[in-house]
Amino acid sequence: MKIYALRGLSQFVSEKEIEKLLQKFNLTLSKRQETTPYNYQEYELLRGQNSLPYLIQKYNYNCFKETLNQVDQQYNAMPEAFKGHFTINENAEFVSLRSPEESSRMIKDFFNGKKEQ
């Protein structure tokens, strides 16, 4: 699901319709945690200031809050090696929080058995 599509759709449909979409999305997101447990890029995109936080601020729908809560829980359940590499600002711009070398080292170390928890 593209966050921009959700942002656009939110302008034209009711909270109830958005809630139905997010229920399906949340199920997919739950499965993603099992099938792709280190999918930090997706979590960072959803947590970015132009994504779910923006939708919560603009519409204050509980379904957006619930989805962000689920995203945060799944993000927080990941090992530290996959957290805090980048974020997305309110203008949808990528903001690096670590150097590419540091990010690469952390992830390689994790998979080589030096798991940071």
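An account of the accompanying structure is given in this report. This structure is a prediction, so every number in the text was calculated from the model and none was measured. (Residues numbered from 1 in each chain as written. Predicted model: local features only at pLDDT ≥ 70, side-chain atom pairs only at ≥ 80, totals over all residues. Heavy atoms only, no water.)

## Looking at the overall build of the protein chain
Regarding its fold elements, the protein chain presents six helices and two strands. Listed by position from the N terminus, the elements making up the protein chain come as α-α-α-α-α-β-β-α. Judged by the C-alpha coordinates and their principal axes, the protein chain covers about 50 × 30 × 15 Å. In the protein chain, buried positions account for 38% of the 117 residues. Contacts in the protein chain between residues at least 24 apart in sequence constitute 61% of all its contacts with a sequence separation of at least 6. About 7,200 Å² of surface is accessible on the protein chain, with carbon and sulfur atoms providing 49% of the total. Computing the positive centroid from 16 side-chain charges and the negative centroid from 15, the protein chain places the two 4 Å apart. (Helix = DSSP H or I, 4+ residues; strand = E, 2+ residues; numbered from the N terminus. Buried < 20%, exposed > 50% of the residue type's maximum accessible area, 1.4 Å probe, protein only. Contact = heavy atoms within 4.5 Å. Areas by Shrake-Rupley, 256 points an atom, 1.4 Å probe, with all protein chains shown as cover. Lys, Arg positive; Asp, Glu negative; His and termini not counted. Charge placed at Lys NZ, Arg CZ, Asp CG, Glu CD.)

## A look at unusual backbone geometry
Phi is positive for Asn-60, close to 55°, though the residue is something other than glycine. When you line up the elements, Asn-60 lands in the loop between helix 4 (52-59) and helix 5 (62-77).

## Regarding the packing of helix 1 (residues 3-10) against helix 4
Direction vectors running N to C along helix 1 and helix 4 enclose 10°, while the axes themselves pass 10 Å from each other. In terms of axis orientation, helix 1 runs roughly parallel to helix 4. Together, Ile-3, Leu-6, Arg-7 and Ser-10 of helix 1 and Leu-52, Tyr-54, Leu-55 and Tyr-59 of helix 4 make up the contact between the two elements. Class assignment for the residues of the contact of helix 1 with helix 4 results in six nonpolar, one polar and one charged. (Axes fitted to C-alpha atoms, helices over the stretch in contact; angles between N-to-C directions. Parallel < 35°, antiparallel > 145°, perpendicular 65-115°, else oblique. Nonpolar A, V, L, I, M, F, W, Y, C, P; charged D, E, K, R; others polar.)

## Quick word on helix 6 (residues 100-111)
With 12 residues, helix 6 extends 17 Å from end C-alpha to end C-alpha; this agrees with the ideal 16 Å at 1.5 Å per step. Within helix 6, the full set of buried residues consists of Ser-103, Met-106, Ile-107, Asp-109 and Phe-110. Buried residues of helix 6 fall within an arc of 160° about the axis and therefore sit on the same side. The exposed set on the far side of helix 6, more than 90 degrees from its buried face, consists of Pro-100, Glu-101, Lys-108 and Phe-111. Taken together, the buried residues of helix 6 touch helix 3 (40-47). After helix 6 finishes, the residue Gly-113 shows a positive phi value of roughly 100°. (Expected span 1.5 Å × (residues − 1). Arc of directions from axis to C-beta.)

Everything listed here is a matter of geometry and, on its own, says nothing about what the molecule does.
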